[in-house]
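The primary structure of each chain is shown beneath.
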Amino acid sequence: MNKFFIVFILFFFAVSCGTSTKKVTESDSDDESANDSDAVACTDGKTKCSDNSVYKCDGGEWTEWDNCTAQDLICAVKAGAAQCLEDSADTGNTGSDSDAADTGDTADTGDTANTGDTANTGDTANTGDTADTGDTADTGDTANTGDTADTGDTADTGDTANTGDTADTGDTANTGDTANTGDTADTGDTADTGDTADTGDTADTGDTADTGDTADTGDTADTGDTGDSGCIPYVDERCNIDGNVETCNATGDGWVLTSVCNDTCLDGDCVVNPSCTPDERRCINKTAQKCNADGLAWIVTDVCKYECDSGECIGDCDSGEKRCNVDGKAETCGNDGLWDVTGNCTASTPCVDELGECSENSLNLVGTTATMGGVHYYYGNVTLSSLTTITVDPAIGYLEIHAGGDITIDSTSGIYADAIICGPSNGNGSNGYSYGGGGGGGHKDAGTSGYAYSGGYGYTISGGAAVPSLSILKYKTGSCGGTNYSSSAGGKGGGAIILYAHNIFIEGTLSAKGGNGAYGYYGGSGGGSGGSITLFGGIVEVKASAELSVDGGTGGTTNSSYTSYAGGAGSKGMIKILSGQKSAGIVDGSANVGSYNIVTVTPPEKISSTTHPDQTKWYNDGFGSSSISWNRPTYLEVSAYFYKINTTSVYVPKSGDGIYTEDNTVVLDASNFAAGTNYFHLTTNDYDAQTGTVSNSFVVNVNNVPPTITSSSHSSQSTFYDTATVALNWTDPAGKEGSFPQYRYIWDRYAETTPSSTTGIETDKKDLTKTGVPDGIWYLHVISIDTMGYPTKTARHFKVNVGVQPGKGNIAGTVKASGTNNPINGATVKVNDGIWSATSASNGAYSIGDSTVYSNTTYSWPKWEVSASAPGYKKMTQTVDVSEGVTTPLNFFLEAE
């Protein structure tokens, strides 16, 4: 043994003195820790940490790529890749090999030769204990307790030759594996057997909350502590070897992937790297992302149906779909499901990710009359001069212009969106009455009510309700007035004019008025409401000659004898003047600006989420966190932001009731989100310490309802059917169809089994037929998996009774503490995980219930599995037969945890 020790020491120093560029192929028999075990699949290009070196899979073999020790660095997994990093708060020894660079013992002084207990050199040349007698009779760890229950060091190998720790002091107070740092490169326990079957550290606590090695690489792919039991369902979280978050599963006996971290995973949470290279692209899970222009946030450009590669979705596409490819060209999906280049965009006409089209260079209209609608992007300036008039297309109802330069409208020119559209809050009609006028359209306020008469009674004809949007960035068009008694249409609502630019200068007219109601002899129709005008720029100037109008239309008149039946007036619309700083929103006091207006600091225009990218989809509650990013809102500097998450659609966070951040990305724990529709609200704080009074928001829809299961063959869950063919199907929760492309199910004899994103059988079908099903009680358990791979936390359980119903008996007994014989009050006793259950009384007695448990002996069903559990005790399971009319005794003695 001593000869082996000396040889090993010589080998260690020979390897340690090698250069960092030397490439060494890692064998399958190496003595590495679970952090870098060969359980890590070798896929070309994948990296991992081993012995404080970066190894890369090349040609199906692990090859040493970079020696971190030689550089006084730490090998860690960051952004999904192993790399040499400084041992700072950013790495937390993330992904390191238990104790990268021997950091388990501070300053590498735990054991001479800087080896933690490397190759048993804690005592030089194995002489710490002369002739291997330091620990008499193999007692390097007294009574073999280096790790509780004699399993810390399998086969007494915790310290090779048992000389690693003189008097068990290699790691002070026998803390060899404190936070998994006791033994450098995890060799203190040969072949990483220090924690055999997860008992090296009792109850999986050797690595507290699995954070001994940040990034969850202490236990490679969840195998470092075999068994991995005893975690708290959907509470305990950790980082896995890929630098993503895993959460304790529904049954508390395993881990499931719940969050894909964009940058770094630390202590079970995703951590944001706040910088990137502008226009750089990448893939995270099924999202294609692009670094924004100022390099402060990643913005989702596409959600992939199949896969993402090099920042771009690959695989078949949907005909007519558009995108900007990684080369900056515009592409359109053809009828063959393949992408075709449809725009060779240039530096002055770059591709617009929001459109999948090349932008236009500039717009300079002089003395022109034109009709425009929809969204238009210009790389340069937009100028309207010399009696230029743009009318917003009524078929579209709005005009949104984005300019990379300035937008200038001179005093003789303008954009008009008057009386062109019916909107979100139309007035009610009075048709059907003998006399009557229609209600006005609603917008900022409710439309004015009309009045009708019929059968000797008068009736109020309500106008459209108010649309609360003055304090949010999203705009609304106007709404139509209601019809009169003879069904004459009310006035149409004003459209929407939205201008984004570096700077905006308005001397002319922007108009989005509502139309007037129509005259009617026995009643007029309602007036339409005004639309909206939004000006969004670094500097926004509204000059003295400017006119910005969103007035509502008047109600239609009636014969002078029936003046009370005039139509209701439409509400005024809204005007938002949003600039990079409050002081940069300059409105001349002589300008004609509608009374419903707001001048304030602009919120960020674009918000996106890499974890919940589609605001129209539903995502299951089995996610760990949500990452939300946004672009800096203007061309001027901002100092910070306030954000708030709630279920209210209109909300403006500010100091005192919002969360302050200076970053452009936040990672929010799943506990911040309620089931249903959540809104992430965001406002800007400018450098004058002025907080905006207009917010932008992003929607995250969270589903917590598993699919609903039915059976056409065994429809009642309380009835036995003497047929061995079982037909089942399931449906998504109402209103959420189309959000769940996959499902996972388990078919077994237990009442509360819960599949996860990694357990059970995956299918894209919504039906299942089982044939030749043996007699007895069966269950189908189903969860849905959303487009990002998140499962529902809970499963839907459907009971199927097959065969002829047998008679019933009972199971009864006591639950006591092992060793003390003390009764346990409140213990839960379950038959087959909850088909039937009972709770123990103060004397420890329980009874499932007379004539409750089906006889399993009548038709030769399998034995019943009965479990008992209580806080502070280990769960115990026994099997038992039950005969008809008989109470079967079954006692439990639970061991303390």
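Keep in mind that this is a model prediction, so the values were computed, not measured.

Definitions and cut-offs
- Here, residues in each chain are numbered from 1, in the same order as that chain's written sequence.
- Only residues with pLDDT of at least 70 get local features here, since the model is predicted, and only at 80 or more are side-chain atom pairs given and counted; chain-wide, interface and lining totals rely on the full set of residues.
- Here the side-chain values reflect all heavy atoms present in the structure, with hydrogen atoms and water set aside.
- By definition, any uninterrupted DSSP run of H or I lasting at least four residues is a helix, any uninterrupted run of E lasting at least two residues is a strand, and each is numbered from the N terminus.
- We call a residue buried when its accessible area falls under 20% of the maximum for its residue type, exposed when it is over 50%, and partly exposed in between, using a 1.4 Å probe and counting protein chains only.
- Working rule for contacts: check all heavy atoms of both residues, and any pair within 4.5 Å makes them a contact.
- Each accessible area is a Shrake-Rupley result for a 1.4 Å probe, and residues are judged covered by the shown protein chains and nothing else.
- Strands are treated as partners if at least two bridges between them are detected by DSSP.
- Axes, fitted as lines to C-alpha atoms, cover a helix only where it is in contact. Angles between the N-to-C directions of the axes lie from 0 to 180 degrees.
- Throughout this description, the term nonpolar core refers to a set of buried Ala, Val, Leu, Ile, Met, Phe, Trp, Tyr and Cys residues connected via side-chain atoms within 4.5 Å.
- In this scheme Phe, Tyr and Trp rings, the latter by its six-membered ring, pair at centre separations within 6.5 Å, and the angle between planes marks the pair as stacked below 30 degrees, edge-to-face above 60, and tilted otherwise.
- Any Lys NZ or Arg CZ that is within 6 Å of a ring centre and within 35 degrees of that ring's normal is treated as a charge sitting over the ring.
- By convention in this document, the label disulfide applies to cysteine sulfur atom pairs within 2.5 Å.
- Values of pLDDT, ranging from 0 to 100, describe the predictor's confidence in every residue of the model.

1. As for the overall build of the protein chain
Looking only at helices and strands, one finds one helix and 64 strands in the protein chain. Per-residue burial for the protein chain yields a buried fraction of 52% across its 897 residues. Contacts spanning at least 24 positions in sequence make up 62% of the contacts within the protein chain whose residues lie at least 6 apart. Surface exposure of the protein chain reaches about 36,300 Å², of which carbon and sulfur atoms provide 50%.

2. Some remarks on the sheet that holds strand 18 (residues 339-343)
Pairing within the open sheet is antiparallel, and its three strands lie in the order 16-17-18. The sheet is open, and its two edges are formed by strand 16 (322-324) and strand 18, each paired on a single side. Across the sheet, the mean angle separating the axes of adjacent strands is 35° when strand polarity is ignored.

3. Describing the environment of Cys231
In this structure, Cys231 sits in the loop between strand 5 (81-85) and strand 6 (237-239). The spacing of Cys231 and Gly252 is 21 residues in sequence and 5.0 Å in space, taken between C-alpha atoms. When neighbours within four sequence positions are excluded, Cys231 is seen to be in contact with Asp236, Cys248, Gly252, Asp253, Gly254 and Trp255.

4. Re the environment of Ser310
The topology assignment puts Ser310 in the loop between strand 14 (307-309) and strand 15 (312-314). Since its relative accessible area comes to 56%, Ser310 is described here as exposed. For Ser310 and Ile284, which are 26 residues apart along the polypeptide, the C-alpha to C-alpha distance reads 10.0 Å. Apart from the residues within four sequence positions on either side, Ser310 is in contact with Arg281, Cys283 and Val326.

5. Thoughts on the nonpolar core
If you look at the biggest cluster of nonpolar residues, it comprises 35 residues, and the most contacted ones within it are Ile407, Ile415, Leu499, Ile506, Leu510, Leu535 and Leu548. Where this core is concerned, the elements lending two or more residues are strand 21 (363-366), strand 24 (382-385), strand 25 (389-392), strand 26 (398-403), strand 27 (406-409), strand 32 (496-506), strand 34 (532-542) and strand 36 (574-579). Top element by residues in this core is strand 32. It accounts for five residues. If near-sequence neighbours (up to four positions away) are discounted, Leu499 is found in contact with Ile401, Ile407, Ile409, Ile415, Ile504, Ile506, Leu510, Thr534, Leu535 and Phe536. Core analysis: the second largest hydrophobic core is formed by 28 residues, Ile811, Tyr846, Val866 and Phe892 among them.

6. A closer look at the packing of aromatic side chains
A ring pair, where both rings are aromatic, is described by two values, the distance of the centres and the angle of the planes. Per the stated rule, a full pass over the model turns up 29 aromatic pairs. The interplanar angle of 5° and the centroid separation of 5.6 Å between the aromatic rings of Trp747 and Trp778 together place this pair among those described as stacked. Here Trp747 is found in strand 51 (residues 742-748), whereas its partner Trp778 is found in strand 54 (residues 776-785), with 31 residues between them in sequence. Pairwise contacts between aromatic rings join Tyr435, Tyr451, Tyr453, Tyr485, Tyr521, Tyr522, Tyr562 and Tyr565 into one cluster. It is Lys444 that lies over the ring of Tyr596; its NZ or CZ is 4.8 Å from the centre.

7. Points about the state of the cysteines
Cysteine pairs can be linked by a disulfide, which is a covalent bond between their two sulfur atoms. What the rule picks out here adds up to 10 disulfides. Here Cys317 connects covalently by a disulfide to Cys333, the sulfurs 2.1 Å from one another. Because the sign of the S-S torsion sets the handedness, a value of about 90° for the bond joining Cys317 and Cys333 places this disulfide among the right-handed ones. One end of the pair, Cys317, is in the loop between strand 15 and strand 16; the other, Cys333, is in strand 17 (residues 330-333), with 16 residues separating them in the sequence. Cys333 sits in the buried class, given a relative accessible area of 3%.

8. Re the sheet that holds strand 48 (residues 708-711)
Taking strand neighbours across the sheet as the criterion, the three strands line up as 48-50-53 in an open arrangement whose pairing is antiparallel. Two strands bound the open sheet, and with one partner strand each, they are strand 48 and strand 53 (767-770). Neighbour to neighbour, the strand axes of the sheet diverge by 20° on average, direction disregarded.

9. Notes on the confidence of the model for the protein chain
A residue-level look at the protein chain finds 77% of positions with pLDDT of 70 or above and a mean pLDDT of 81. Every residue in residues 1-39 is under pLDDT 50, and counting partners more than four places away or in other chains gives 90 contacts. Taken as a whole, residues 88-229 scores under 50 in pLDDT and shows 327 contacts with residues more than four places along the chain or in a different chain.

10. Focus: the environment of Gly517
Structurally, Gly517 can be placed in the loop between strand 33 (509-511) and strand 34. Expressed as a C-alpha distance, the spacing of Gly517 and Gly528, which sit 11 residues apart in the sequence, is 7.1 Å. If we skip the residues at most four places from it in the chain, Gly517 touches Gly491, Ser525, Gly526, Gly527, Thr554, Gly555 and Gly556.

11. Points about the pairing of strand 57 (residues 828-831)
The side-chain alternation of strand 57 yields one buried face, formed by Val829 and Val831, and one unburied face, formed by Thr828 and Lys830. Bridge analysis of strand 57 against strand 58 (residues 836-839) gives four bridges, and the strand direction is antiparallel. Pairing of Thr828 across the sheet is with Thr839, part of strand 58. Taking the residues between adjacent antiparallel strands as the criterion, strand 57 and strand 58 are bridged by four residues, where Asn832 takes a positive phi near 50°.

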